Amino acid sequence: MKLNKTIEEKKHFDSEKLKRIEILHQQLNLSTNTSLNVRYAIYDKLYNEYKSFNYHQAFNHVQKLRQISYALKDPVKEAQSKVDLGFILLSSGMFKEAFDSFKTVNVKILPDSVRREYYYLTARTYYDLADFDKDDYYTPVYNAQAGKYIDSATALTSKNSFEYLYYNGLKYLKLGNTEKAVVSLKTLISRYRLSPHEFAVTASTLSDIYIRKDRPDSAINLLVRAAIADVRSSTKEAAAMLNLAQLLYQQGDVQNAYVFIKQAMDDAIYYGARQRKIQVGAILPVIAAKQLNSVENQRRILLFYASSLTVLAIIIIIFATIIYKQLKKLRIADKVIIETNHNLQQSLNKLNEADKIKEEYVGYYFNLISEYISKLEKFKRSVDNKLTAKRYEDIRVLIDNINLNKEREELFFNFDKAFLKIFPNFVNGFNLLFAEKNQIKLLPNQLLNTDLRIFALVRLGITDTEKIANILEYSINTIYNYKARIKSRANIPKEEFEHAIMAINAF
């Protein structure tokens, strides 16, 4: 696939961009004694290099643009810098912050070119938010709002321009009029000389229509071309690679899907795109697992051939050489997969936490029940023996020897031990929510106290006060009082306390 070759040249394209950026930084260092307008122009060029390449650098440079525009007392430049800030906030998935930035723009003072950009970006923010929410109620509302902004923008745009055709096509797509959307987007691809970035967004949008129309081959072709354009333009904030990986996985091409989903994650991390990392993180483990299974299948086949051909010495030598080479490749593949899975572990921890908790506590309660059954069987045998021997007073002694307090303490101790096995840093995490004087100091050999145990149950998802009271054998009012007292001493608002407890990581 042509995209694989382009990915191999990815470092070269990124290197070219970094060279352009370095030249601009050199110009900036030489312009310390020049006018603010000159420095503004250089910072603007740096921002444009970074805006789809690296969020953090773009954010730093747009702040410089804002500072200079304030120093120049130029309201148009101030507004432009706010629009620029909105673009990178949107690209990073920070929808609220993007809207906040756009709301501070005085649209009335903007020239048509900046006003047009403002309207298009606001429309895109609503569309992206609608796609991210995927909510039956809010998504249509956001799409309708975006359509209004597109109408305002296109009123200021030449009908033959890229922006006019693309955003109208996007609006038609969101309205469900795919035929008109296809006409606009195909016109751009076939008749216009587009920049790599313009081609990538157009092809990606058109591929979405083909996916809806169940034309996966056409969609794959467009997404491959879009991804190539993104790599060549060093665009790190893009959806083409992710969408292509998902589509190839659905079509059974796991190998290429795995290569491309890794590229999508690398780009999302490099840029700092929060929502893209979430989207990629949801599908990458699935594809990686499938790839790992494929590698394991290859390993089993090779081992079968190796064991089957041990009869003939010459053939053994030939196949041993082949197997050695293949196993070497497999080890390399295993190493890559292991390294990738290691990098994904932090994301997978949250996904696996519920299953691990369930597994630990099922085992814990099976062991606990087994112990109590053994005790009951032993007690039953003793009572039966006493009854048979008519030693009734001894039965009273057996009953008196049952120490419920000790049993309860042992139950709590086993609960504490099982809980801390899952949440070994719970006590430290809990104490971080308090000033040092209010932190819990446990006694020697004490795993948890009542305060910690109440919120250990909360961390396990047991939030009903009555259930907690029943488990710990306290009254409901006592549990309420414990909670109120603990929350009143915390460093954070009471209503946020239990959210902070839930944020303490397991394992």
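What comes next concerns the included structure. (Residues numbered from 1 in each chain as written. Predicted model: local features only at pLDDT ≥ 70, side-chain atom pairs only at ≥ 80, totals over all residues. Heavy atoms only, no water.)

**A word on the overall build of the protein chain**
Inference 1: Per the secondary structure count, the protein chain includes 23 helices and zero strands.
Inference 2: By residue count, 42% of the 507 residues in the protein chain fall in the buried class.
Inference 3: Across the protein chain, contacts joining residues at least 24 apart in sequence account for 61% of those joining residues at least 6 apart.
Inference 4: Carbon and sulfur atoms provide 54% of the accessible area of the protein chain, an area that totals close to 28900 Å². (Helix = DSSP H or I, 4+ residues; strand = E, 2+ residues; numbered from the N terminus. Buried < 20%, exposed > 50% of the residue type's maximum accessible area, 1.4 Å probe, protein only. Contact = heavy atoms within 4.5 Å. Areas by Shrake-Rupley, 256 points an atom, 1.4 Å probe, with all protein chains shown as cover.)

**Some points on the packing of aromatic side chains**
Inference 1: Throughout the structure, instances matching the rule amount to 25 aromatic pairs.
Inference 2: Ring geometry for Tyr-138 and Tyr-142: centres 6.1 Å apart, planes at 25°, overall stacked. In this pair, Tyr-138 and Tyr-142 both sit in helix H8 (residues 138-154), four residues apart, roughly one turn of the helix.
Inference 3: Residues Phe-434 and Phe-497 carry aromatic rings whose centres are separated by 5.8 Å and whose planes lie at 65° to one another, so their mutual orientation is edge-to-face. (Phe/Tyr/Trp six-rings, centres within 6.5 Å; stacked < 30°, edge-to-face > 60°.)

**Regarding helix H7 (residues 112-133)**
Inference 1: Compared with the 32 Å implied by 1.5 Å per residue over 22 residues, the 32 Å span of H7 between its first and last C-alpha is a close match.
Inference 2: Downstream of H7 by one or two residues, Lys-134 has phi in the positive range, about 50°. (Expected span 1.5 Å × (residues − 1).)

**Points about unusual backbone geometry**
Inference 1: One non-glycine residue, Asn-445, lies in positive phi territory at about 65°.
Inference 2: Phi is positive for Glu-473, close to 60°, though the residue is something other than glycine.
Inference 3: For Glu-473, the position within the fold is in the loop between helix H21 (465-472) and helix H22 (476-489).

**Looking at the nonpolar core**
Inference 1: One finds Leu-3, Ile-88 and Tyr-118 to be the most contacted residues of the largest nonpolar core, which totals 95 residues.
Inference 2: Listed in part, the 29 residues of the second largest apolar core include Leu-420, Ile-440, Ile-486 and Ile-501. (Core = buried A, V, L, I, M, F, W, Y, C linked by side-chain atoms within 4.5 Å.)

**Comments concerning the pattern of salt bridges**
Inference 1: One pass over the structure, following the stated rule, counts 19 salt bridges.
Inference 2: Across the pair Lys-236 and Asp-267 runs a salt bridge whose closest N-O atoms are separated by 3.7 Å. Of this pair, Lys-236 sits in the loop between helix H12 (216-232) and helix H13 (240-250) while Asp-267 sits in helix H14 (residues 254-271); the two residues are 31 residues apart in sequence, bridging distant segments of the chain.
Inference 3: Assessed through its relative accessible area of 7%, Lys-236 is described here as buried.
Inference 4: A salt bridge links Glu-498 to Lys-487; its shortest N-O distance comes to 3.2 Å. Taken as a pair, Glu-498 in helix H23 (residues 494-502) and Lys-487 in helix H22 lie far apart in primary sequence, 11 residues in all.
Inference 5: In this structure Glu-498 comes out as partly exposed when scored by relative accessible area, which is 21%.
Inference 6: Three or more residues joined by partner-sharing salt bridges are found here, namely Lys-10, Asp-14, Lys-236 and Asp-267. (Salt bridge = Lys/Arg side-chain N within 4 Å of Asp/Glu carboxyl O.)

**Section: the side chain of Thr-139**
Inference 1: Along the chain, Thr-139 turns up in helix H8.
Inference 2: For Thr-139, the side chain forms a polar contact with the main-chain nitrogen of Asp-135, separated by 2.9 Å.
Inference 3: In this view, Thr-139 contacts Ala-130, Asp-133 and Lys-134; residues no more than four positions away in its chain are not counted. (Polar contact = N/O pair within 3.5 Å; in protein donor to acceptor, adjacent residues only side chain to side chain.)

**Quick notes on the packing of H22 against H23**
Inference 1: Orientation of H22 relative to H23, taken along the N-to-C sense of each, is 95°, at an axis distance of 9 Å. Taken together, the axes of H22 and H23 lie roughly perpendicular to each other. Where H22 approaches H23, its residues Lys-483, Ile-486, Lys-487 and Ser-488 are matched on the opposing element by Lys-494, Phe-497 and Glu-498. (Axes fitted to C-alpha atoms, helices over the stretch in contact; angles between N-to-C directions. Parallel < 35°, antiparallel > 145°, perpendicular 65-115°, else oblique.)

**Focus: a nonpolar patch on the surface**
Inference 1: Nonpolar side chains collect at one region of the surface, where Ile-301, Phe-304, Tyr-305, Ile-314, Ile-318, Phe-319 and Ile-322 lie side by side and expose about 700 Å² of accessible area between them.
Inference 2: When contributions to the nonpolar patch are tallied by element, the ones reaching two or more residues are helix H15 (274-308) and helix H16 (313-388).
Inference 3: Per element, the largest residue contribution to the nonpolar patch is four residues, and it comes from H16.
Inference 4: Considering the arrangement of structural elements, one finds Ile-322 in helix H16.
Inference 5: You can call Ile-322 partly exposed: its relative accessible area is 39%. (Patch = residues over 30% accessible without salt bridge, like charges linked within 9 Å, V, L, I, M, F, W, Y side chains within 5 Å.)

**Concerning helix H11 (residues 196-212)**
Each α-helix turn comprises 3.6 residues. Residues three or four places apart therefore point the same way.
Inference 1: An ideal rise of 1.5 Å per residue puts 24 Å on 17 residues; H11 measures up with 25 Å between its terminal C-alpha atoms.
Inference 2: Turning to H11, its buried residues are Phe-199, Ala-200, Thr-202, Ala-203, Ser-204, Thr-205, Leu-206, Ser-207, Ile-209 and Tyr-210.
Inference 3: Looking one or two residues past H11, Asp-214 carries a phi angle of roughly 60°, positive in sign.

**Some points on the environment of Glu-22**
Inference 1: By secondary structure assignment, the location of Glu-22 is in helix H2 (residues 10-29).
Inference 2: Sequence separation between Glu-22 and Leu-46 is 24 residues, and the spatial gap between their C-alpha atoms is 9.4 Å.

**Some remarks on the environment of Val-427**
Inference 1: Within the fold, Val-427 resides in helix H19 (residues 426-431).
Inference 2: For the pair Val-427 and Lys-441, spaced 14 residues apart in sequence, the C-alpha separation works out to 9.6 Å.
Inference 3: The residues contacting Val-427, other than those within four sequence positions of it, are Leu-420, Leu-442, Leu-447, Leu-448 and Leu-452.

**Brief notes about the side chain of Ser-92**
Inference 1: Counting through the fold element by element, Ser-92 comes out in the loop between helix H5 (75-91) and helix H6 (95-103).
Inference 2: Polar contacts involving the side chain of Ser-92 include one to the side chain of Arg-274, which spans 2.5 Å.

**Examining the packing of H5 against H7**
Inference 1: The contact between H5 and H7 brings their axes to 10 Å, and the two run at 25°. Judged by the angle between their axes, H5 and H7 are roughly parallel. Judged by the twist between their axes, the crossing of H5 over H7 is left-handed. Along its contact with H5, which presents Gln-80, Val-83, Asp-84, Phe-87, Leu-90 and Ser-91, the element H7 presents Val-114, Glu-117, Tyr-118, Leu-121, Arg-124, Thr-125 and Asp-128. (Left-handed = near helix turned anticlockwise from the far one by under 90°.)

**Quick look at the environment of Ala-71**
Inference 1: As for its position among the elements, Ala-71 is in helix H4 (residues 55-72).
Inference 2: Judged by its relative accessible area of 49%, Ala-71 falls in the partly exposed class.
Inference 3: In sequence terms Ala-71 and Leu-36 are 35 residues apart; their C-alpha atoms lie 8.2 Å from each other.

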